[in-house]
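Coordinate analysis (summary)
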Amino acid sequence: MSEKNSIIYIKEKLDAEVLKRNCEGEICEERLDPIMVAHKYKDPTISLICALFAYGNVKQIVKFLNSLDFTLLQKSDEEIKEALKGHYYRFQKSEDVSALFIALKRLNEKSTLRDVFKSGYDKNRDTVEGINALIKTLQDIYPHSSMGYNFLISQITLKTKGSGALKRWMMYLRWMVREDNIDMGLWSGVDKSDLIIPLDTHTFNVSKKLGLLSRKSYDLQAAIELTEMLKEFDKSDPLKYDFALYRIGQEKILLY
């Protein structure tokens, strides 16, 4: 099969997977995903908490998220710390979980996640600049530093090569900006063509196997290059392929 025919074949297969996966039954107790918790609330702040804790075993992620009382986002700092003192998840101690809740509560008292994101994004229609604006605001509004917390909210990213892929932030943006049976579309004013794919190991490995990605380093540059390749399939909405690619990798599906 020629390279051109191979790409056409892969696009057809991926388009079919997108149609198959774009249904509410794709996210359920038998097919766990952190977005199922976010779907219960359809709230940008709760969704960000779900996205930032979305690493590790998916059963443990969902169990942890379901243990959280999100009404704490309207409570005092002391109430938040007291209620969450028994909550921890992998690298995050209870102090880190509390810090995230307090920082988000304070941000919402002054602005919104969307407006802070857009303050960075609107300059150059750059999603990384938007994410940097959110990370800086969270750092400034409630200063807290630990290995677990710094991993949770990530660090400001000024380069693409060799830096983290910002997978959990990119997934959050997909949830907020796109709207279908999976993604919630809670934000306006951000173009879905500017989104960058949330690159995880499943997506990375599947994309290399399919010839969609040649970069060997698992970094932000790889996410950008894969997104550019997917724009050849759909220029206006490259991330419509993300969930399908993820499930193909997770379920070890052979496309050919």
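For the structure given in this document, a descriptive report is provided here. (Residues numbered from 1 in each chain as written. Predicted model: local features only at pLDDT ≥ 70, side-chain atom pairs only at ≥ 80, totals over all residues. Heavy atoms only, no water.)

1. A look at the overall build of the protein
What the protein contains, in helices and strands, is 13 helices and zero strands. Against the 2.2 N^0.38 benchmark of 18 Å for 256 residues, the protein shows a C-alpha radius of gyration of 18 Å, consistent with a compact globule. C-alpha atoms of the protein, sized along the principal axes, occupy 65 × 40 × 30 Å. Classification of the 256 residues of the protein by burial places 52% in the buried group. Sequence-distant contacts, at least 24 apart, represent 66% of the contacts inside the protein between residues at least 6 apart. Looking at the protein as shown, the accessible area adds up to about 12200 Å², and 50% of this sits on carbon and sulfur atoms. Side-chain charges in the protein split into 39 positive and 37 negative, and the spacing between the mean points of these groups amounts to 4 Å. (Helix = DSSP H or I, 4+ residues; strand = E, 2+ residues; numbered from the N terminus. Rg over C-alpha atoms; globule rule 2.2 N^0.38 Å. Buried < 20%, exposed > 50% of the residue type's maximum accessible area, 1.4 Å probe, protein only. Contact = heavy atoms within 4.5 Å. Areas by Shrake-Rupley, 256 points an atom, 1.4 Å probe, with all protein chains shown as cover. Lys, Arg positive; Asp, Glu negative; His and termini not counted. Charge placed at Lys NZ, Arg CZ, Asp CG, Glu CD.)

2. A short note on the packing of aromatic side chains
Taken as a whole, this structure holds 16 aromatic pairs when the rule is applied. Pairing Tyr55 with Phe91 gives two aromatic rings, centres 5.6 Å apart and planes at 25°, and the pair type is stacked. Residue Tyr55 is found in the loop between helix 3 (44–52) and helix 4 (58–67), and its partner Phe91 is found in the loop between helix 5 (77–83) and helix 6 (94–110); the two are separated by 36 residues along the sequence. Residue classification places Tyr55 among the buried residues on the basis of a relative accessible area of 10%. For Phe91, a relative accessible area of 39% corresponds to the partly exposed category. Judged by centre distance (5.2 Å) and plane angle (90°), the rings of Phe91 and Phe151 are edge-to-face. Within this pair, whereas Phe91 is found in the loop between helix 5 and helix 6, its partner Phe151 is found in helix 9 (residues 147–153), the two being separated by 60 residues in sequence. Pairwise contacts between aromatic rings join Phe53, Tyr55, Phe64, Tyr89, Phe91 and Phe151 into one cluster. Across the ring face of Phe91, the terminal group of Arg90 is positioned such that the distance to the ring centre comes to 5.5 Å. (Phe/Tyr/Trp six-rings, centres within 6.5 Å; stacked < 30°, edge-to-face > 60°. Lys NZ or Arg CZ within 6 Å of the ring centre and 35° of its normal.)

3. Examining the packing of helix 6 against helix 8 (residues 127–141)
Two numbers describe how helix 6 lies on helix 8: the axes approach to 9 Å, and their chain directions differ by 105°. Accordingly, the angle class assigned to the pair helix 6 and helix 8 is roughly perpendicular. Along the contact surface, helix 6 presents Ala103, Leu104, Arg106, Leu107 and Lys110, while helix 8 presents Thr137, Leu138 and Ile141. A breakdown of the residues in the contact of helix 6 with helix 8 according to their chemical character gives five nonpolar, one polar and two charged. (Axes fitted to C-alpha atoms, helices over the stretch in contact; angles between N-to-C directions. Parallel < 35°, antiparallel > 145°, perpendicular 65-115°, else oblique. Nonpolar A, V, L, I, M, F, W, Y, C, P; charged D, E, K, R; others polar.)

4. Some words on the packing of helix 3 against helix 10 (residues 167–177)
For the pair helix 3 and helix 10, interaxial distance at closest approach is 9 Å and the crossing angle is 145°. In the packing of helix 3 onto helix 10, the handedness of the crossing is right-handed. Residues Pro44, Ser47, Leu48, Cys50, Ala51 and Leu52 of helix 3 form the contact with helix 10, whose participating residues are Arg168, Trp169, Met171, Tyr172, Trp175 and Met176. Classifying every residue of the contact of helix 3 with helix 10 by side-chain character gives ten nonpolar, one polar and one charged. (Left-handed = near helix turned anticlockwise from the far one by under 90°.)

5. Observations concerning the pattern of salt bridges
The full count for this structure, using the stated rule, is 22 salt bridges. Residue Asp115 pairs with Arg114 through a salt bridge whose shortest N-O separation is 3.0 Å. Residues participating in the shared-partner salt-bridge network are Glu17, Lys20, Arg21, Glu26, Arg247 and Glu251. (Salt bridge = Lys/Arg side-chain N within 4 Å of Asp/Glu carboxyl O.)

6. Here's the deal with unusual backbone geometry
Backbone geometry follows two general trends: most residues other than glycine have a negative phi, and most peptide bonds adopt the trans configuration. Residues other than glycine seldom take positive phi values, yet Lys42 does so here, at roughly 45°. Mapped onto the fold, Lys42 is located in the loop between helix 2 (35–41) and helix 3. Under the relative-accessibility criterion, Lys42 is labelled partly exposed at 46%. Of note in the backbone geometry, Arg125 takes a positive phi value of approximately 50° without being a glycine.

7. Observations regarding the side chain of Gln92
If you trace the backbone, Gln92 turns up in the loop between helix 5 and helix 6. Apart from residues no more than four positions distant in its own chain, Gln92 is found in contact with Phe53, Tyr55, Val97, Gly148, Phe151 and Leu152.

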